[in-house]
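# Structural features, examined
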2 protein chains.
Amino acid sequence: MFRFGSRLLYSAAGSGGFAGAKGIVGTVGLGRLNHVAIAVPNMEEAATMYRDVMGCKVSEAVEQKEHGVSTVFVALENTKIELLHPLGENSPIANFLKKNPAGGIHHVCIEVDDIHSAVKVLQEKQIRIIDPNPKIGAHGKPVVFLHPKSCNGVLVELEEK
Amino acid sequence: MFRFGSRLLYSAAGSGGFAGAKGIVGTVGLGRLNHVAIAVPNMEEAATMYRDVMGCKVSEAVEQKEHGVSTVFVALENTKIELLHPLGENSPIANFLKKNPAGGIHHVCIEVDDIHSAVKVLQEKQIRIIDPNPKIGAHGKPVVFLHPKSCNGVLVELEEK
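Anyway, here's the lowdown on the structure attached to this text. (Residues numbered from 1 in each chain as written. Chains lettered and ligands numbered in written order. Predicted model: local features only at pLDDT ≥ 70, side-chain atom pairs only at ≥ 80, totals over all residues. Heavy atoms only, no water.)

This next bit is on the overall build of chain A. Per the secondary structure count, chain A includes 3 helices and 8 strands. Counting only residues that meet the buried cut, chain A has 52% of its 161 residues in that class. Look at the contacts in chain A between residues 6 or more apart in sequence, and 51% of them connect residues 24 or more apart. When the accessible surface of chain A is split by element, carbon and sulfur atoms take 51% of a total near 7200 Å². (Helix = DSSP H or I, 4+ residues; strand = E, 2+ residues; numbered from the N terminus. Buried < 20%, exposed > 50% of the residue type's maximum accessible area, 1.4 Å probe, protein only. Contact = heavy atoms within 4.5 Å. Areas by Shrake-Rupley, 256 points an atom, 1.4 Å probe, with all protein chains shown as cover.)

Residues and elements named next belong to chain B. Phi at Gln126 is positive, roughly 60°, even though this residue is not glycine. Relative to the helices and strands, Gln126 resides in the loop between helix H3 (115–124) and strand E6 (135–136). Gln126 gets classed as exposed once you look at its relative accessible area, which sits at 69%. Positive phi, normally seen in glycine, also occurs at Asn152, with a value near 55°. Here Asn152 lies in the loop between strand E7 (142–146) and strand E8 (156–160).

The next subject is the nonpolar core. Membership of the largest hydrophobic core comes to 76 residues, with the highest contact counts inside it found for Leu83 and Leu158 of chain A together with Leu83 and Leu158 of chain B. Not counting chain neighbours up to four residues away, the residues in contact with Leu158 of chain B comprise Val28, Leu30, Ile110, Val112, Ile115, Ala118, Leu122, Pro142, Val143, Val144 and Leu146 of chain B. (Core = buried A, V, L, I, M, F, W, Y, C linked by side-chain atoms within 4.5 Å.)

Once that is clear, we can look at the sheet that holds E8 of chain B. Residues and elements named next belong to chain B. Taken together, 8 strands build an open sheet; the order of strands is E2-E3-E4-E1-E5-E8-E7-E6 and the sheet is mixed. Each of the sheet's edge strands pairs with one partner strand only, and the pair in question is strand E2 (62–64) and E6. In the sheet, strand E1 (residues 33–39) pairs with strand E5 (residues 104–112) via 6 bridges, with the strands oriented antiparallel. Bridge pairing in E5 places Ala37 opposite His107. (Pairing = 2+ DSSP bridges.)

Another point: the sheet that holds strand E4 (residues 80–86) of chain A. Residues and elements named next belong to chain A. On the basis of which strands lie adjacent, the open sheet formed by 8 strands has the order E2-E3-E4-E1-E5-E8-E7-E6 and mixed pairing. In this open sheet, the two edge strands, each paired with only one partner strand, are strand E2 (62–64) and strand E6 (135–136). As paired strands, strand E3 (residues 69–75) and E4 are joined by 7 bridges and run antiparallel to one another. Its bridge partner being in E4, Thr71 is matched across the sheet by Leu84. In this fold helix H2 (residues 92–99) packs onto strand E1 (33–39), E3, E4 and strand E5 (104–112), with an angle of close to 90° to the strand it touches most, E4. (Axes fitted to C-alpha atoms, helices over the stretch in contact; angles between N-to-C directions.)

Residue and element names in this part refer to chain A. Of the positions making up helix H1 (residues 43–53), those classed as buried are Met43, Ala46, Ala47, Met49, Tyr50, Arg51 and Val53. Looking at where H1 begins, the residue whose side-chain oxygen comes 3.1 Å from the main-chain nitrogen of Glu44 is Asn42. Two residues or fewer after H1 comes Gly55, characterised by a positive phi angle close to 80°. (Polar contact = N/O pair within 3.5 Å; in protein donor to acceptor, adjacent residues only side chain to side chain.)

Coordinates in, geometry out; function isn't part of it.
This is how it looks when you write it as structure tokens:
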């Protein structure tokens, strides 16, 4: 058994179990990983690779003008990969691809039961939220983004399920 | 409907459905997303955040000396986050954290039925594999890593389920 300082890492529920992540009072209560979003420099090549090489079901591309992206979803058995490509001049993905020309993981999206309750907990615990007022995300549901500085360098989207 | 060139993006199976990613002949056949691996500069802080703020079940830390990492697993409803921290002087994670001091997503791990069959398909389709001879990974199962240059900048681990 490996210790961090004097403290053992057990689950918050204290049961020692490892399933069922939600329902712990006073926490955000992360649910399902909705998707892993990958910014890609060439959407057709990326979609073709996941379909013809990897054997995944791949959705049609959808233009999300209000978010400055076009998206293609790749189905895995338990979750999805979301391929993102810039759409329009002010796309947030264009900047990401300038810094990462080959592409890369842009964010992960995890579901929560109640976005307002999640925001309240995050603010109490001083986790930085990019904009604490939930917006309607690319799937028509309210979302917030947690700042990578509060999440080990990872941009985390929380989406109300 | 949005077109890529003259070609519509439908599933490889052609059914138009979106569930069940596997079983398409002659492809890798991606299955479940086993985990998203996040390299973290401070394991205790990261584990505490996912446990006490996010409300997730968090495993004990395990030292994997042969892989140069210590790992903590965070349970989500449908998959896991694997927190990685360097262990030993030759840890591959140490270099990653030098380039990304705040941490970041290091790789994603996706399950396949048969790793040797997957390698064969990938080689036929000229997808770069870092070492095409499967090694026993951190979970005791054979794995290979796909080169980010073949996967939109993403390091992809394939693990035999």
